[in-house]
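# Notes for the structure review
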Amino acid sequence: MNKKIVLLGSGELGKEFVIAAQRLGQTVIAVDSYDNAPAMQVADGREVINMLDGKALDALVAKHSPDYIVPEIEAIRTERLYDYEKQGITVIPSAKAANFTMNRKSIRDLAAKDLGLKTANYRYATSAQELQKAVKEVGIPCVVKPLMSSSGKGQSTIKTPDDIQRAWDYSQEGSRGDVAEVIVEAFVNFNYEITLLTLTQHDGNTLFCPPIGHRQERGDYQESWQPAAMQEDHLKTAQDMAAQVTAALGGAGIWGVEFFIGNDGVYFSELSPRPHDTGMVTLANTQNYNEFELHLRAVLGLPIKEITQERIGASAVILATAHSENPGFTGINTLATAPKSDFRLFGKPTSRPYRRMGVVVTYDDLNGDITEVVSRAKELAAKVKTT
Ligand SMILES: Nc1ncnc2c1ncn2[C@@H]1O[C@H](COP(=O)(O)OP(=O)(O)OP(=O)(O)O)[C@@H](O)[C@H]1O
Ligand SMILES: NCC(=O)N[C@@H]1O[C@H](COP(=O)([O-])[O-])[C@@H](O)[C@H]1O
Ligand SMILES: [Mg+2]
């Protein structure tokens, strides 16, 4: 069963996915907009194209005629994926999932309006003037995000009316794709937030990983841990919502479904139809299969009967501090000698401030102390500096 997979996006998440695929003898062509991206370094082949260019995507798919197309980022001309599905290529998890999640409007309207899930109150705006009006309607504080962006790019919080113009300008700098529109969401004063990794399978058996807690700065994750302590009824509510939204989008794979938990219950935030950055905590072997192995097995249609928690764990990111064409690290020996921990350096060929360059994972056995495991991950990550 050697299958050919075209991976659209070749960052750190793709790299671990390719490693999982290689271990089961699959062939992967890794694609991104720049050469020597992390996943390319371990794949069978590579292509450098602009994935927002439909013609370039068509040519790539025609050239390789893969069994599977696995999107790894959002910035893809996802409308084209429906056609590839019609040609008999399996898009993971489905063309609809990739298409709806690339634009915050489609996924938010599906969740809030069609499925009636609880979300932050929200409006859309296509100009600074419309944003003024939208902010009045949802109230201050509120969060502004480009419809097409990820990892917090172009995202900011409005705390006073004076912030509105700046939030608009910032959203336009951080937006990728060709849409100028933003979503403005009421600020949810949550107690904590989680990612619920959800596995959908061809046989209809949907499974959930233990919830992952995480902390964000500038809209980007800093640490994550598993399991996140949670009230049983909140977990059940989140699982129900995750089952509904993944069923509406269709297909098999791992999904990172994000929730805020406040005093007034569980809010659906957004989801990735692919491995999630906060799910890198599973690289600490917290589960019988990490999120990348789960994704690969779901892609190949290998049945997963259960997901079990084997350890507790945490992850903390290693971020670059400066622009470099030849990034390096100091402090790696400290990581190498630390007990109950491991790390990844992604091999990104260039750095810019706040670019994620690596990750530290820590773990303990099931009766360990999660707070201690998280502090250890943070302390270790802080010992590494990029040069
Ligand atoms: N309405 C909100 N109220 C309070 N906090 C929010 C709200 N929206 C976003 N945040 C905070 O910002 C973080 C990033 O937001 P979101 O997940 O929407 O951005 P993103 O760019 O899609 O990030 P990623 O691609 O990494 O998941 C959230 O995890 C949360 O901490
Ligand atoms: N929140 C989404 C996320 O974490 N995506 C991961 O980051 C890479 C882009 O990194 P880069 O911006 O450093 O090239 C993506 O390719 C994916 O692996
Ligand atoms: Mg998010």
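The present account deals with the structure reproduced in this document. (Residues numbered from 1 in each chain as written. Chains lettered and ligands numbered in written order. Predicted model: local features only at pLDDT ≥ 70, side-chain atom pairs only at ≥ 80, totals over all residues. Heavy atoms only, no water.)

## Brief notes about the site of ligand 1
Worth spelling out the cut-off: Near residues are defined by distance, with any heavy atom within 4 Å of the molecule or strand qualifying the residue. Under the rule applied, a polar contact is a pair of N or O atoms within 3.5 Å (in protein, one hydrogen donor and one hydrogen acceptor; residues adjacent in sequence only if both atoms are side-chain atoms). Per-residue and other accessible areas were derived by the Shrake-Rupley procedure at a 1.4 Å probe size, with only the shown protein chains allowed to occlude residues. When residue character is reported, Ala, Val, Leu, Ile, Met, Phe, Trp, Tyr, Cys and Pro are called nonpolar, Asp, Glu, Lys and Arg charged, and the others, Gly included, polar. Each domain's extent is set by a domain assignment, obtained either automatically or from a database.
Surrounding ligand 1, one finds 19 residues, the nearest of these being Lys145, Gly152, Val188, Glu193 and Glu270. Within the backbone of Ser151, a nitrogen or oxygen atom sits 2.9 Å from an oxygen atom of ligand 1. At a separation of 3.0 Å, an oxygen atom of ligand 1 approaches a polar side-chain atom of Glu258. In the complex, the protein chains occlude 93% of the 620 Å² of accessible area that ligand 1 would expose alone. Among the residues making up the shell around ligand 1, the classes are represented as 6 nonpolar, 6 polar and 7 charged. Summarising the domain contributions, the shell around ligand 1 has at least three residues from each of domain 2 (121–186) and domain 3 (192–386).

## Overview of the coordination of the magnesium ion (ligand 3)
Using the following cut-off: For Na, K and Ca the donor cutoff is 3.2 Å, while for all other metals N, O and S atoms must lie within 2.8 Å; water is not among the atoms, so some sites may look incomplete. Under the scheme used here, helices are H or I runs from DSSP no shorter than 4 residues and strands are E runs no shorter than 2 residues, and both carry numbers assigned from the N terminus. For the exposure calls, accessible area comes from a 1.4 Å probe over protein chains only, and a residue counts as buried if that area is under 20% of its type's maximum, exposed if over 50%, partly exposed in between.
The protein atoms that coordinate the magnesium ion (ligand 3) are Glu258 (OE), Glu258 (OE) and Glu270 (OE), at distances of 2.1 to 2.5 Å. Here Glu258, found in strand S14 (residues 253–262), pairs with Glu270, found in strand S15 (residues 265–272); they are 12 residues apart in sequence, far enough to count as distant. Taking relative accessible area as the criterion, Glu270 reaches 23% and is therefore assigned partly exposed.

## Remarks on helix H7 (residues 164–174)
The condition that has to hold: Relevant arc is that of directions from the helix axis to the C-beta atoms, nothing else.
Regarding H7, the residues found buried are Ile164, Ala167, Trp168, Ser171 and Gly174. Taken end-on, H7 shows its buried residues confined to a sector of 135 degrees, consistent with a single buried face.

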